[in-house]
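Listed below are the residues making up each chain.
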Amino acid sequence: MLCRFQQAVVAVRMAETKNLAFIEPLRAFAALRDAMPHAVWLDGEHGSQYSILTAEPRLLLVFDGQRTFGTAADGAIWTSADDPLGLLAEALGPVQQGPAPFFGGAIGYFSYELGRRLQGQIPLLSQSPEMAVGLYDWALVIDHHAKTATLNGNAPSELPDLFTKTTAHPGAWQVAAAIEATPGRDDYAQAFAKVQQYLRDGDCYQVNLARQFRRKFSGDPLGVYSQFRGLAGGPFSAYLDLPGGPVLSGSPERFLSLRDGRVETRPIKGTRRRAADPIEDARLAQALLSSEKDRAENVMIVDLLRNDISRACAIGSVSVPQLCALESYATVHHMVSVVTGQIAPEHNATDLLRDCLPGGSITGAPKFRAMEIIAELEHAPRGVYCGAIGYLGYDGAMDTNIAIRTLSARDGWLDYRAGGGLVYDSEWSAEFAETEFKAAAFVDVMIKSNEGVEVEQGEKNE
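Residues numbered from 1 in each chain as written. Predicted model: local features only at pLDDT ≥ 70, side-chain atom pairs only at ≥ 80, totals over all residues. Heavy atoms only, no water.

### Looking at the pairing of strand S12 (residues 206-219)
Here is the key point about a regular strand: its side chains alternate between the two faces of the sheet. The buried fraction of S12 amounts to ten of the 14 residues, a majority that puts the element mostly inside the structure. Pairing of S12 with strand S20 (residues 364-365), which is carried by two bridges, proceeds in the antiparallel orientation. Note that in S20 the partner of Gln 206 across the bridge is Ala 365. One ladder, built from ten bridges, connects S12 with strand S24 (residues 413-422); its direction is antiparallel. Bridge pairing links Ala 210 to Gly 419 in S24. (Buried < 20%, exposed > 50% of the residue type's maximum accessible area, 1.4 Å probe, protein only. Helix = DSSP H or I, 4+ residues; strand = E, 2+ residues; numbered from the N terminus. Pairing = 2+ DSSP bridges.)

### As for the packing of aromatic side chains
Tallied over the full model, the rule gives ten aromatic pairs. Ring pairs connect the aromatic residues Phe 29, Trp 41, Tyr 225 and Tyr 239, which therefore count as one cluster. In this structure, Arg 369 packs its charged tip against the face of Tyr 198, placed 5.0 Å from the ring centre. The ring of Tyr 329 has Arg 405 sitting right over it, with the charged end atom 5.3 Å from the ring centre. (Phe/Tyr/Trp six-rings, centres within 6.5 Å; stacked < 30°, edge-to-face > 60°. Lys NZ or Arg CZ within 6 Å of the ring centre and 35° of its normal.)

### Regarding helix H2 (residues 25-35)
Along H2, eight of the eleven residues are buried, which leaves the element largely enclosed by surrounding structure. The complete set of buried residues in H2 reads Pro 25, Leu 26, Ala 28, Phe 29, Ala 30, Ala 31, Leu 32 and Arg 33. Packed against the buried residues of H2 are strand S2 (40-43), strand S3 (50-54), strand S9 (138-143), helix H5 (159-165), helix H7 (221-232) and strand S13 (236-240). One side-chain oxygen of the residue at the start of H2 lies 3.0 Å from the amide nitrogen of Leu 26, identifying that residue as Glu 24. (Contact = heavy atoms within 4.5 Å. Polar contact = N/O pair within 3.5 Å; in protein donor to acceptor, adjacent residues only side chain to side chain.)

### Description of the environment of Leu 407
Its place among the elements puts Leu 407 in strand S23 (residues 406-410). Sequence spacing of Leu 407 and Ser 249 is 158 residues, and the spatial spacing of their C-alpha atoms is 6.2 Å.

### Brief notes about the packing of helix H6 (residues 185-200) against helix H12 (residues 428-438)
Two elements in contact, H6 and H12, have axes whose closest approach is 10 Å; the angle formed by their N-to-C orientations is 120°. Considering the angle they form, H6 stands oblique to H12. Of the two possible hands of crossing, H6 and H12 adopt the one that is right-handed. Seen from H6, the contacting residues are Arg 185, Tyr 188, Ala 189 and Phe 192; seen from H12, they are Trp 428, Glu 431 and Phe 432. Residues belonging to the contact of H6 with H12 are distributed by class as follows: five nonpolar, no polar and two charged. (Axes fitted to C-alpha atoms, helices over the stretch in contact; angles between N-to-C directions. Parallel < 35°, antiparallel > 145°, perpendicular 65-115°, else oblique. Left-handed = near helix turned anticlockwise from the far one by under 90°. Nonpolar A, V, L, I, M, F, W, Y, C, P; charged D, E, K, R; others polar.)

### With respect to the pattern of salt bridges
As enumerated under the stated definition, the model contains 29 salt bridges in all. Taking the shortest distance from any N to any O, the salt bridge between Arg 254 and Asp 399 comes out at 2.8 Å. Pair noted here: Arg 254 is in strand S15 (residues 254-259) and Asp 399 is in strand S22 (residues 398-402), with a separation of 145 residues, a long-range link. Exposure class is identical for Arg 254 and Asp 399. Each is buried. The salt bridge partner of Arg 274 is Asp 281, with a shortest N-O separation of 2.7 Å. By sharing partners, the salt bridges in this structure join Arg 254, Arg 262, Glu 264 and Asp 399 into a single network. (Salt bridge = Lys/Arg side-chain N within 4 Å of Asp/Glu carboxyl O.)

### Here we look at the side chain of Arg 33
Assignment of secondary structure puts Arg 33 in helix H2. Of the polar contacts made by the side chain of Arg 33, one reaches the side chain of Asp 34; its length is 3.3 Å. Apart from residues no more than four positions distant in its own chain, Arg 33 is found in contact with Ala 39, His 169, Asp 220, Leu 222, Tyr 239 and Asp 241.

### Quick word on the environment of Phe 103
Relative to the elements of secondary structure, Phe 103 occurs in the loop between helix H3 (84-92) and strand S7 (105-110). By relative accessible area, Phe 103 is classed as buried at 2%. Distance from Phe 103 to Trp 138, taken between C-alpha atoms, is 5.2 Å for residues 35 residues apart in sequence. Ignoring any residue separated from it by four or fewer positions in sequence, one finds Phe 103 in contact with Ala 15, Gln 96, Gln 97, Gly 98, Asp 137, Trp 138, Asn 152, Gly 153, Tyr 394 and Asp 395.

### Considering the confidence of the model for the protein
Summarising the model, the protein shows a mean pLDDT of 92, and 94% of its residues fall at 70 or more. Confidence drops under a pLDDT of 50 for residues 6-12, and excluding neighbours within four residues, the segment shows six contacts in the predicted structure. Within the model, the stretch residues 451-462 combines pLDDT values under 50 with 28 contacts to residues more than four positions away or in other chains. (pLDDT = per-residue confidence, 0-100.)

### Let's talk about the side chain of Glu 378
With respect to the element layout, Glu 378 can be found in helix H11 (residues 367-378). For Glu 378, the side chain forms a polar contact with the main-chain nitrogen of Ala 210, separated by 2.9 Å. A polar contact of 2.8 Å, which involves the side chain of Glu 378, links it to the side chain of Arg 382. Among all residues touching Glu 378, those that are not within four sequence positions of it are Asn 208, Leu 209 and Ala 210.

### What about the environment of Leu 26?
Structurally, the position occupied by Leu 26 is in helix H2. Considered as a pair, Leu 26 and Asp 64 are 38 residues apart in the sequence and their alpha carbons are 30 Å apart. Every residue in contact with Leu 26, bar those within four places of it in the chain, is listed here: Trp 41, Pro 170, Leu 222, Ser 226 and Arg 229.

### Re the state of the cysteines
Considering all chains together, one arrives at zero disulfides under this definition. Here Cys 356 is not cross-linked by a disulfide; its sulfur's nearest cysteine counterpart is in Cys 313, at 7.9 Å. No disulfide involves Cys 386; its nearest neighbouring cysteine sulfur is the one of Cys 204, lying 15 Å away. Assessed through its relative accessible area of 0%, Cys 386 is described here as buried. (Disulfide = S-S within 2.5 Å.)

Here's what the structure looks like:
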């Protein structure tokens, strides 16, 4: 029951701000991770304004698909079979005022399987939690635009010295054997053919089908992330040291943000690889913008998301200020739209998350049937991949990503997924190649980590 942790979450939370000297976030996080448990880092260095780092939560909430386990900072543990998002909303408590963008609240992940549960489907069994979040009462906020650093909230007194005197850095890591990529070309072609039959039969307009890339590794996952973020880091990147194993995300896609009542989602649909030659790179970007197929996919998902966010937004407030614009990252060009709305007075961040998880850009349309087809053809739980990573603050604000370009490090394996939306006029070979473009940063990190070990045929970026 909630009363078991009520006392742990309603204590007075101070909303103080302490200015520090600017510190490089990777070095700050290495120090934090070495000194305190359950360190988390919302990494905005590659395209966003802020990085948010914190550790040692007041309370951990971990939902395993049946029960939520709450672990307080003093070691007390309780369990509840109640709705996990309802428990989270109560743990966050009444809205409080404090310094932006974050002075405390929940940081963690909400898996794709949790989204299936919220949409009324039976999730596939997973070894990883469906939700893992910490309730944190302070944060180091690094402003990459202003080159400043502040401690917001009720931060431990030893943190300034920790950050200024640290010599911590990411540790070494190694990989073994080759990348395992599934399904391979033949099996992917068969799954693609099944999707096409469902599309012809009218079950769906679009289905997002993903592939899995895995490799055995040993050593420090933060060492993996320090290299991965340099190749794949997007504005909504993250590193989470939470139950279920470290999560490493280089996501370029915002799922849901909420601040001062304004809701925003930024669906990505449509991808082309980058080219080293500027002329060829520009040609690929223009080909994406000119593609009727990609534009139709994007508009389809925009319509789905307009419907999703409207459930928690004021009537008539949902709009599309940006449709099918180009955004370019290290390895790919993306087509991105923006959908906005105004949250209704009777709703909050957890309501919005409940209505929209998982994001439509990584399921297909209609969402419910697309998710059934994905479960049938992928045969395995997606876990954090295509779920959401981010924060829900004590001030009522929220910012989360779509967990694409995301690895999990668990039981000696690095697990990465890449997928794409299939529609009636898709071609299987082009869609297969798109998954390889999207996996390029992961494959490149694997190659550079162990020079001389080749990946299997078909796994290099084409």
